[in-house]
Every structure is written in structure tokens, then in C-alpha cells.
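# Structural characterization, general
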Amino acid sequence: MSSPRILSTAETLGNLLDERILMLDGATGTQIQALQLDEAAVRGSRFANHAHDLKNFADILCLTRPDDIVQIHREYLAAGADIIETNTFGASPIGMVEFDLAPELVAEINAAAVVCARQACEEFNQRTPDRPRFVAGSIGPTTKQMAISTQVDDPSFRPVTFDEMVESYTAQTRALMEAGVDILLVETVIDTLNLKACLFAIGRYFEEQSHRVPVMVSATFNEGGATFVSGQVVEAFWHAISHFPLLSVGMNCALGPDSMRPHLETLQRIATTRISCHPNAGLPNEMGQYDLSPAEMAQFMGEFADAGWLNIVGGCCGTTPDHIRAIAERVQKIRPHRPSASDHLLHLSGTQPLTLRPEHNLLMIGERTNVAGSRKFARLIQEEKHEEAIEIAHSQIVGGANVIDINMDEGMLDSELEMVRFLRLIAGETVIAAVPVMIDSSKWSVLEAGLQSTQGKPIVNSISLKDGEAEFLRRARLCRHYGAAVIVMAFDEQGQAAETTDKVKICQRAYRLLTEQIGFPAEDIIFDPNILTVATGIEEHDNYAVNFIEATRRLKKLCPGVHVSGGVSNISFSFRGNNVVREAMHAVFLYHAVQAGLDMGIVNAGQLAVYEEIDPELK
Ligand code: THG
């Protein structure tokens, strides 16, 4: 006889989400303000002598006035909330710095907050056991930003490092998880690089503990609302975080529901997970108050739900239990959103999205932001003439590059530092920041430094089996945690493959390892079967172009879903100084390679000859 299996909380949640739209709670801050607590009341006896005002740190109330917090949760549950957010928005080490609170308090505040939320939920669960309520651990963005400079006079300035951010988010994640949250809710995301650090921290924590809970991500935007977070449009944002298995993605806060409409419309169409939405009660007026009534808010949310966009809804600043009650009533019978299926295309992003579609002829990757590939760029970096170095990136894009390859591998340079500095600098250049980057180095430490400085979805150039399977898979896993596609070179423990069969064999081995052992998506694998120099005077070298083309043809058949790339200008090194010949060679090579299935090439964008226009004799 088999006894009925008890569902895990995550399974229960998933089943409910398939059936109906679930309700989040509304603003905690608005309810706390209504209590009109003064500084002394917020501090209680424990923090009476604290050196810094705590009135603006609402999370401390979990320790000093837990009954008030439980009561706020109860009111939202009574209004119809299925998911209660813990009062922990700022309770991370970096979030607490400005209040002069010791990082040791992180564990205590988060644990106390979970106890408050759990107590309120349990009271309701006992009354209506067939209607479970869930505790979501709220993780806020901190006041620091990593994707862009917040100092006008120093575009490379960043107040924290990626590692510091990961450490801070790990501390809060650990505290919430040990206290037993059902969900982690990373909300009010204002900076995608912060978010990537947060997801990196959560993913690593889950792996180390072999225990996970569903994760929700909710981003926000400001002013004009033309861009989403840190200058990104919503599609670019989604591609940058789509590597992480999420319960939902959505948006909150901002300028109220109406401002979210176009972003939400796009997000629900492209995201392959569920959609959440918990806006402010409209725009703040001159008094800093929010004007949308419960009925007005319910109307907006009802429209979004009617359109089939929503799975989880609630409210942010200015919303009250009355808002939640009105929204719950309006959306309760509406069919929830069905997430879109993956299109299995290669998606990349800078601040703009870039999707490689089958009808694309060739994706061009600008080669000149490479200290080994351009004497001029090398000199400018060495002489710290960054504005002119940036101009090279710019001219590659104007010349047609869809992606720019950045390489700082040079003995005289601190390659990690230069990689990070250049990536930070271009993050402030609208035209350049729009395109995805290809982070190019033969040193893993440089690649990782680059990954930690990129808010979009980049390409890592490159990893290979050169140092064995374990190291290959370790790096590939990390690339995935950072949200990157990878170039895999046809290189193994024996060296670089020059013959067609070796190229294919090595790539096939890498393909099996990546897809079978770590579930790396095939579309994010880009093979580079080595474009080697022809016409060197050594006879075997004369077949190198054909070998690459033939390997490309076979790999596209044998490894379904992958892409193929190559460094095109390598082919013609023997003709250095003769650009007419070199450009003709590149054009003829590309003409055949693209037909064989080459998807992208590292090229001197703007300097490509047109195949049809090459002098017949030269051809
Ligand atoms: N595969 C992958 N990555 C790569 C390569 C590859 N990265 C580097 C390289 N190969 C591709 N990039 C270049 C960049 C410039 C040149 C060639 C390849 C080049 N430069 C001129 C030269 O050396 O003659 C520089 C002239 C100048 O200084 O202006 O040809 O294969 N994954």
C-alpha cells in the first residue's frame, strides 16, 4: 500500500500558482508610518543609546516592536494575502552600514522577522488549513550600485566590489534560510549587477546546503521609465538573469501600475517563468503620499490580469490592506499567466538585448578592443588614454559590430585591473553599453574579473579542456552562475586541434560534458574550432581554412543547438601589411564558412570586403 506523498512547500506553491493568481501583501512601511512611532519608540530599550537614528530603519522593529509587525502581517492576511513578506528589506550587512549597526545583527533581525511572519501565517493556517499562507524573505537592493558610476566626476568609480556584495547577500540569505522562509523575494532591484551578485550568492548557498527554496525577483525603474533598471531595457534585463531558475520575475514600486504596463507586457511575453507585479499606489504627490485608491489600483491590476499577464500580485509603497482586499477580489477568478516556452535561441545583452536568429547572416564581433590585436589600442591603454580607447570600441560599433571583444592580455599590464576599468568605463557610454561584451583572456582570473563587472549577458572567451575535465566544468559552472554564454575552443589536454577530426572530437566531448553533466544550454555554447593561419610556407597549413569550415559543418550537425565562432583575421597573418589581400581573404573565407554554418566572427568591423566586389583574379 502506498501512502499519499506529502507535498513540499515548493510543490504546494507551484500547484496553487497553476490554479490561480496568488496575492502578496502590501506596503509594510505605510502601515508602520500609520503607527506614528517616534525615535524612542523605534529604538526601544535595547537601542536607546545607539549612536545613529534608527527611525528610517524599519527592519529594527522586528526586534524592538515585534507585536506591531505581527499585527501588520495579520491585517494583510485578513485582507487576502497568500504570501507575507518579512520586514527585512534593508537587513543585510551592506544595507545596515548607514545605520551604524553591526553585521552580527543581520542574523538576529532576519530570524526575528521570519518568526513574526510565520506566527501570523500559522494563525491563519490553523483557521483555514486548506488555504496555506507562505513566508517570503524580502531582500532589498541596498543603497549601493555596481553597474554604473554614481559619481559624476569618476565614471569608473564603484562603491563596492562584486565579492563584497556577494558576501553581504550571502549573510542575509543564510539568515533567512536558517530561519525557515518558504520563498526568497529579491525585490526593488535597481541595478542588475547587484542582482547578479545576489543570485550568485543564493545559487552558491543552495548548492552548498543542497537545499533550495523558490526565488522571486522583482525589479523597478524610475523617472521617465523608458529604461528599466540601471539603463537596461526589460528584455536585456531578463536575458542577464534568465540563467537562474526563478519562481517568478516581475516588477514593483516604481511610479505605480500604469507606468509598468509596457514593461510588463514585454516581460510576460519573453520570460520563461511566472510573472509578479506589486506596484506603488500611483505617483507620490507633493506631500510624498500616494493617491491611487484601492478601487483604482484594483482596476489597473485587473486589466493586467485580464490580459493574462499575472501570477502573483500585491502592492508596494502607499498600499494598505484595503488595496490588497480590492485587488484580491478583482483578480481572484482570473486565469493565471502561462509562462512562455524557451525559444532556444542565443540571447545576449548589454543595456539592449541581442538575439541571434536563424535568419541572421553573421554576427560581427569587433576585434580591435584587444591589446594584442591592435597596436593603437595597446598604446592607448598603456598610456591611460581611456577616452581614445573608448573611441575604438565606439568605431567598431559604428562599423557594424554587434558585440565587442575586449582583451587586456599583455605582459606589461595588470590585466585584471585593466579589464575591470575598461568595462566600468564603457558602462557609462550609451552607444557602447548597449551591446553585449565578449570578455577575452587566456587567464581565468581576468575572465572572472570581467564577469563580475558586467551587468548584461556577455560571452566568455574562452574555456577549453586544456586543463582537464574537472577545471573545464568548474569554469563552465561559474560562467553559468554569472549568467554568460561561453566560447569553447577546440583545445584539449594534448593541445590545439588543427585537423578536422580532432576539432570535431574535442568539441563533441565538450558538448557531452556541458549538456549532460551540468545542464549547460546548447544555445549558450559557442564552439571555436580554431581559425589558424594559412600560407605560412608550411604545406600542412594550407588546409587550415578548409579544416575549420569542414569542422563547422560537422559540429552544427553533430551538436544540436550550438553556435560556431572564429577569429577571422587570424587566417591572413602571413599577409600582414597587405590589407587588400587580407580583406579579400577574410571575405572569401567568410563566404564559405557562413554557408557551412558559422554564426559569428571576431572581425575588424567596418573593414570587411564584400565578396561579390572582389577583383576576380585576386579572388
Ligand atoms: N578565437 C577566439 N578569440 C580570439 C581569436 C580566435 N581572440 C583574439 C583573436 N583570435 C581575434 N582577434 C584579432 C584581432 C586583431 C587581429 C587578429 C585577430 C589582427 N590585428 C592586426 C595584426 O596583428 O596584423 C593588428 C594591426 C594593428 O596593430 O593595427 O590581425 O581565433 N575565440
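Going by the structure above, here's the rest.
Note that this is a predicted model, so its numbers are computed, not measured. (Residues numbered from 1 in each chain as written. Predicted model: local features only at pLDDT ≥ 70, side-chain atom pairs only at ≥ 80, totals over all residues. Heavy atoms only, no water.)

To continue, consider the packing of helix H18 (residues 444-451) against helix H19 (residues 469-482). Relative to each other, H18 and H19 sit at 15 degrees, their axes nearing to 10 Å. Put simply, H18 runs roughly parallel to H19. In the packing of H18 onto H19, the handedness of the crossing is left-handed. Contacts between H18 and H19 pair Trp444, Glu448 and Leu451 from the former with Arg474, Arg475, Leu478, Cys479 and Tyr482 from the latter. Residues that form the contact of H18 with H19 fall into these classes: five nonpolar, no polar and three charged. (Axes fitted to C-alpha atoms, helices over the stretch in contact; angles between N-to-C directions. Helix = DSSP H or I, 4+ residues; strand = E, 2+ residues; numbered from the N terminus. Parallel < 35°, antiparallel > 145°, perpendicular 65-115°, else oblique. Left-handed = near helix turned anticlockwise from the far one by under 90°. Contact = heavy atoms within 4.5 Å. Nonpolar A, V, L, I, M, F, W, Y, C, P; charged D, E, K, R; others polar.)

With parallel pairing, eight strands are arranged side by side around a closed barrel as E11-E12-E13-E14-E15-E18-E19-E20. The mean angle between the axes of side-by-side strands here comes to 25 degrees, regardless of whether they run parallel or antiparallel. Where strand E18 (residues 525-528) meets strand E19 (residues 563-567), two bridges bridge the pair, whose relative direction is parallel. What sits directly across from Ile526, in E19, is His563. Along the sheet, helix H20 (residues 500-517) makes contact with strand E15 (485-489) and E18, crossing E18 at roughly 165 degrees. (Pairing = 2+ DSSP bridges.)

The strand order across the open sheet formed by eight strands is E1-E8-E7-E6-E5-E4-E3-E2, and the pairing between neighbours is parallel. Two strands lie at the open edges of the sheet, namely strand E1 (22-23) and strand E2 (83-85), each paired on one side alone. Across the sheet, helix H9 (residues 192-209) is in contact with strand E3 (134-139), strand E4 (183-189) and strand E5 (215-219); its angle to E4 comes to roughly 170 degrees. Against the sheet, helix H10 (residues 234-241) makes contact with E4, E5 and strand E6 (248-253), and its axis sits at roughly 135 degrees relative to E6, the strand it touches most.

This structure, assessed with the given rule, holds eight aromatic pairs. Geometrically, the ring pair formed by Tyr591 and Tyr611 is stacked, given 3.6 Å between the ring centres and 5 degrees between the ring planes. Taken together, the positions of Tyr591 in helix H22 (residues 579-596) and Tyr611 in the segment after strand E20 (600-603) put the pair 20 residues apart, joining distant regions of the chain. Among the residues examined, Tyr591 registers a relative accessible area of 33% and is labelled partly exposed. What makes Tyr611 buried here is its relative accessible area of 18%. Among the aromatic residues, those joined into a ring-pair cluster are Phe162, Phe200 and Tyr482. When the ring centre of Phe520 is taken as reference, the NZ or CZ atom of Arg480 above it lies at 5.9 Å. (Phe/Tyr/Trp six-rings, centres within 6.5 Å; stacked < 30°, edge-to-face > 60°. Buried < 20%, exposed > 50% of the residue type's maximum accessible area, 1.4 Å probe, protein only. Lys NZ or Arg CZ within 6 Å of the ring centre and 35° of its normal.)

It is worth spelling out a negative patch on the surface at this point. On the surface, a cluster of negative charge is made up of Glu499, Asp502, Glu539, Glu540 and Asp542. With respect to the helices and strands, the residue Glu499 is situated in the loop between strand E17 (495-496) and H20. (Patch = residues over 30% accessible without salt bridge, like charges linked within 9 Å, V, L, I, M, F, W, Y side chains within 5 Å. Areas by Shrake-Rupley, 256 points an atom, 1.4 Å probe, with all protein chains shown as cover. Salt bridge = Lys/Arg side-chain N within 4 Å of Asp/Glu carboxyl O. Lys, Arg positive; Asp, Glu negative; His and termini not counted. Charge placed at Lys NZ, Arg CZ, Asp CG, Glu CD.)

Turning our eyes to something else, we now look at the pairing of strand E13 (residues 437-440). What you see with E13 is no split at all: Val437 and Ile439 on one side and Met438 and Asp440 on the other are buried throughout. Here strand E12 (residues 403-407) runs beside E13; their pairing, made up of four bridges, is parallel. Residue pairing for E13: Ile404 is matched across the bridge by Val437. Bridge count for E13 against strand E14 (residues 459-463) is three bridges, and the pairing is parallel. Within E14, the residue paired with Asp440 across the bridge is Asn461.

So, on to the site of the ligand. Around the ligand sit 18 residues, and of these Asn461, Asp528, Asn570, Arg576 and Arg582 come closest. The backbone of Arg375 places a nitrogen or oxygen atom 2.9 Å from an oxygen atom of the ligand. Asp528 has a polar side-chain atom sitting 2.7 Å from a nitrogen atom of the ligand. Considering the ligand on its own, with 670 Å² of exposed area, one finds that the protein chains cover 84% of that surface. (Near = heavy atom within 4 Å. Polar contact = N/O pair within 3.5 Å; in protein donor to acceptor, adjacent residues only side chain to side chain.)

Turning our eyes to something else, we now look at unusual backbone geometry. In this structure, Ser462 follows Asn461 across a cis peptide bond, with omega equal to 15 degrees. With respect to the secondary-structure elements, Ser462 resides in strand E14. Positioned with a positive phi, Thr142 is a non-glycine residue whose angle comes to about 65 degrees. Among the structural elements, Thr142 can be located in the loop between E3 and helix H8 (162-178). Taking relative accessible area as the criterion, Thr142 reaches 12% and is therefore assigned buried.

Turning our eyes to something else, we now look at the environment of Met165. Mapped onto the elements of the fold, Met165 is located in helix H8. By relative accessible area, Met165 is classed as buried at 0%. Among all residues touching Met165, those that are not within four sequence positions of it are Ile94, Pro141, Thr142, Lys144, Met146, Val160, Asn194 and Ala197.

On to the pattern of salt bridges, then. The full count for this structure, using the stated rule, is 27 salt bridges. Across the salt bridge formed by Arg43 and Glu39, the nearest N and O atoms sit 2.5 Å from each other. Taken as a pair, Arg43 and Glu39 lie in helix H3 (residues 39-43) at a separation of four residues, close to a single helical turn. Look at Glu39 and you get buried, because its relative accessible area is 18%. Ionic pairing is found between Glu550 and Arg553, a salt bridge with its closest N-O pair at 3.2 Å. In this pair, Glu550 and Arg553 are both assigned in helix H21 (residues 544-558), three residues apart and thus about one turn of the helix distant. Taking relative accessible area as the criterion, Glu550 reaches 26% and is therefore assigned partly exposed. Residue Arg553 is classed as partly exposed on the basis of its relative accessible area of 35%.

Turning our attention to H10. Most of H10 is tucked away, with seven of its eight residues classed as buried. Taken residue by residue, H10 has Val234, Ala236, Phe237, Trp238, His239, Ala240 and Ile241 as its buried positions.

What follows concerns the nonpolar core. Side chains of nonpolar character tend, in soluble globular proteins, to be buried together. Counting residues in hydrophobic clusters, the biggest one holds 153 residues, and the most contacted among them are Leu184, Val249, Leu310, Phe422 and Phe527. Broken down by element, this core gets its largest block of residues, ten residues, from H9. Every residue in contact with Leu184, bar those within four places of it in the chain, is listed here: Gly137, Ile139, Thr173, Leu176, Met177, Ile202, Phe206, Val213, Pro214, Val215 and Met216. Counting residues in each nonpolar core, the second largest holds 19 residues, with Ile531, Ile549, Ile571 and Val603 among its members. (Core = buried A, V, L, I, M, F, W, Y, C linked by side-chain atoms within 4.5 Å.)

Moving on, we come to the layout of surface pockets. Left-over empty space is what a probe sized like a water molecule reveals as it rolls over the atoms. Estimates place the volume of the second largest pocket at around 1,200 Å³. Taken together, 42 residues line the second largest pocket, and the ones lying closest to its centre are Thr28, Gly29, Thr30, Gln33 and Ala58. For the lining of the second largest pocket, the secondary structure elements donating two or more residues are helix H2 (29-34) and E4. Of all the elements, H2 adds the most residues to the lining of the second largest pocket, at four residues. For the lining of the second largest pocket, the per-class residue count stands at 14 nonpolar, 22 polar and six charged. (1 Å grid on protein atoms, 1.4 Å probe; cavity = no way out; pocket = protein on both sides within 12 Å on 5 of 7 lines; lining within 4 Å. Points joined across faces, edges and corners; volume = space filled by probe spheres on them.)

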